[in-house]
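Spelled out from the first residue to the last, the chains are:
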Amino acid sequence: MAERTVLVTGGTGGLGGAVSAAFLEAGWRVVVPEREGGTAAAAGPVRVRRQPQPGASDATQRPEAVAADLLDPAGVAAAIAAATAEPAAPLRAVVNLVGGYASGGLVHETPIEEFDRMLRINLRPTYLVTQAALPHLVAAGGGAVVSVSARAAVAPFPGAAGYATAKAAVQAFANAVAVEYRQRGVRSNTVLPSVIDTPANRAAQPDADHGRWVPPAEIAAVIRFLASDESAPTSGASIPVYGRA
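Keep in mind that this is a model prediction, so the values were computed, not measured.

Talk me through the overall build of the protein; I want residue IDs and the actual numbers.
On a plain count of helices and strands, the protein comes out with six helices and nine strands. Put simply, the protein has 245 residues, and 46% of those count as buried. Looking at the protein alone, contacts between residues at least 24 apart form 71% of all its contacts between residues at least 6 apart. Total accessible area computed for the protein in this model is approximately 11600 Å², and 54% of it derives from carbon and sulfur atoms.

Written out as structure tokens, the structure reads:
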């Protein structure tokens with residue numbers, strides 16, 4: 001039985017599947033919120049070897065899916081309830097992957113509604129989920145929050161002011177959590193990917209040099225490390241995960 005739980009928002013996406021799989025392989029209980037009608041446990045099944053010695057058997061595992069709209073506080077409460085439902089495996093980590101990207105014109109060509117939408121879908125779920133999880137992480141004796149920002153937060157490019165601003169806000173919020181909860185045993189770090197090598201991104205940019213993009217599994221390994229005890233001294237960090245981009 002797993003001894004600790006991680007809540008992975010966006011766990012059914014291109015990066016989320018790799019992140020969920022990475023935690024399952026490390027022996028975590030993984031809870032993945034999804035909207036009604038979503039495809040449950042997109043990261044699984046994952047073959048997990050529980051015993052390293054010869055003759056050990058493999059177990060097939062999947063993340064535990066819970067229906068939840070993470071833009072809604074009630075949906076977030078449902079996700080947190082699922083993540084804290086196993087007393088033997090307390091919630092020890094939250095991974096904030098939910099977000100979205102949209103490109104458009106320059107700032108003077110971008111409607112305020114589109115700018116607001118980028119803030120809403122990238123920042124609001126990160127805030128609501130982290131806010132709701134923090135008391136449980138503190139009660140469990142500490143834990144980790146890992147949020148996904150983007151390279152655009154520190155290196156904007158034309159046509160994506162709303163996205164760059166939203167991801168910079170995610171980074172700033174994560175840093176604020178690191179400061180506020182340092183003495184309570186909760187660490188907060190951020191990873192900043194460049195373009196992630198997912199099927200959706202390849203379809204959107206078929207002529208790009210995909211070999212320069214960063215594979216989801218490599219980002220997942222960094223996220224799992226930031227949630228683990230091995231990264232105990234690290235909080236308030238912004239880690240670039242750019243691949244060769």
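Still more ground to cover, so stick around.
Account for the pairing of strand β8 (residues 186–193), naming residues and giving values.
β8 sits mainly inside the fold: eight of its eight residues count as buried. The alternating pattern of β8 places V186, S188, T190 and L192 and R187, N189, V191 and P193 on opposite faces, both of which are buried. Where strand β7 (residues 143–148) lies against β8, six bridges are found, and the strand directions are parallel. Pairing of S147 across the sheet is with T190, part of β8.

Any chance you could break down the side chain of S194 for me, citing the residues and the numbers?
Within the fold, S194 resides in the loop between β8 and α5 (199–204). Looking at S194, its side chain comes within polar contact range of the main-chain oxygen of Y242, at 2.8 Å. When sequence neighbours within four positions are dropped, the list of residues in contact with S194 reads R151, V214, V241, Y242, G243 and A245.

So what's going on with the packing of helix α2 (residues 73–83) against helix α3 (residues 112–139)? Which residues, and what values?
The relative placement of two packed helices comes down to the angle between their axes together with the axis-to-axis distance. Two elements in contact, α2 and α3, have axes separated by 10 Å at closest approach and are oriented at 45°. It follows from the interaxial angle that α2 and α3 lie oblique. Seen along the crossing, α2 lies across α3 with a hand that is right-handed. For the pair α2 and α3, contact is made by P73, V76 and I80 and by R124, L128, V129, A132, A133 and H136, respectively. When its residues are assigned to classes, the contact of α2 with α3 shows seven nonpolar, one polar and one charged.

So what about the nonpolar core? Which residues, and what values?
Residues V19, F23 and I223 are the most contacted members of the largest nonpolar core, which totals 26 residues. Counting residues per element, the ones that place at least two in this core are β1 (5–9), α1 (14–25), β2 (29–34), β6 (91–96), β7 and α6 (216–227). Sort the elements by how many residues they give to this core and α1 lands first, with six residues. I223 has contacts with V19, F23, V95, L97, V146, V148 and V191, leaving out every residue within four places of it along the chain. Of all hydrophobic cores here, the second largest spans 22 residues; its members include V31, I80, V94 and Y181.

Run through the environment of P111, naming residues and quoting values.
Mapped onto the fold, P111 is located in the loop between β6 and α3. Under the relative-accessibility criterion, P111 is labelled partly exposed at 45%. Once the C-alpha coordinates of P111 and G162 are considered, the two residues, 51 residues apart in sequence, prove to be 10.0 Å apart.

Can you lay out the sheet that holds β7 for me, pointing to particular residues and giving the numbers?
Here seven strands make up an open sheet; going across it, the order is β5-β2-β1-β6-β7-β8-β9 and the pairing parallel. The sheet terminates laterally at β5 (64–67) and β9 (238–241), the two strands that pair on one side only. Along the sheet, successive strands turn relative to each other by an average axial angle of 20°, direction set aside. Against the sheet, α2 makes contact with β1, β2, β5 and β6, and its axis sits at roughly 165° relative to β2, the strand it touches most.

Got a sec to walk through the pattern of salt bridges? Specific residues and values, please.
Under the defined criterion, the tally for this structure stands at three salt bridges. For D69, the salt bridge goes to R35, with nearest N and O atoms at 3.6 Å. Placement of the pair is D69 in the loop between β5 and α2 and R35 in the loop between β2 and β3 (46–49), with a sequence separation of 34 residues. For D69, a relative accessible area of 30% puts it in the partly exposed group. Of the charged contacts in the structure, one is a salt bridge between E114 and R117, with a shortest N-O distance of 3.3 Å. Here E114 and its partner R117 are both found in helix α3, three residues apart, which amounts to about one turn of the helix.

Conventions adopted
Residues numbered from 1 in each chain as written. Predicted model: local features only at pLDDT ≥ 70, side-chain atom pairs only at ≥ 80, totals over all residues. Heavy atoms only, no water. Helix = DSSP H or I, 4+ residues; strand = E, 2+ residues; numbered from the N terminus. Buried < 20%, exposed > 50% of the residue type's maximum accessible area, 1.4 Å probe, protein only. Contact = heavy atoms within 4.5 Å. Areas by Shrake-Rupley, 256 points an atom, 1.4 Å probe, with all protein chains shown as cover. Pairing = 2+ DSSP bridges. Polar contact = N/O pair within 3.5 Å; in protein donor to acceptor, adjacent residues only side chain to side chain. Axes fitted to C-alpha atoms, helices over the stretch in contact; angles between N-to-C directions. Parallel < 35°, antiparallel > 145°, perpendicular 65-115°, else oblique. Left-handed = near helix turned anticlockwise from the far one by under 90°. Nonpolar A, V, L, I, M, F, W, Y, C, P; charged D, E, K, R; others polar. Core = buried A, V, L, I, M, F, W, Y, C linked by side-chain atoms within 4.5 Å. Salt bridge = Lys/Arg side-chain N within 4 Å of Asp/Glu carboxyl O.

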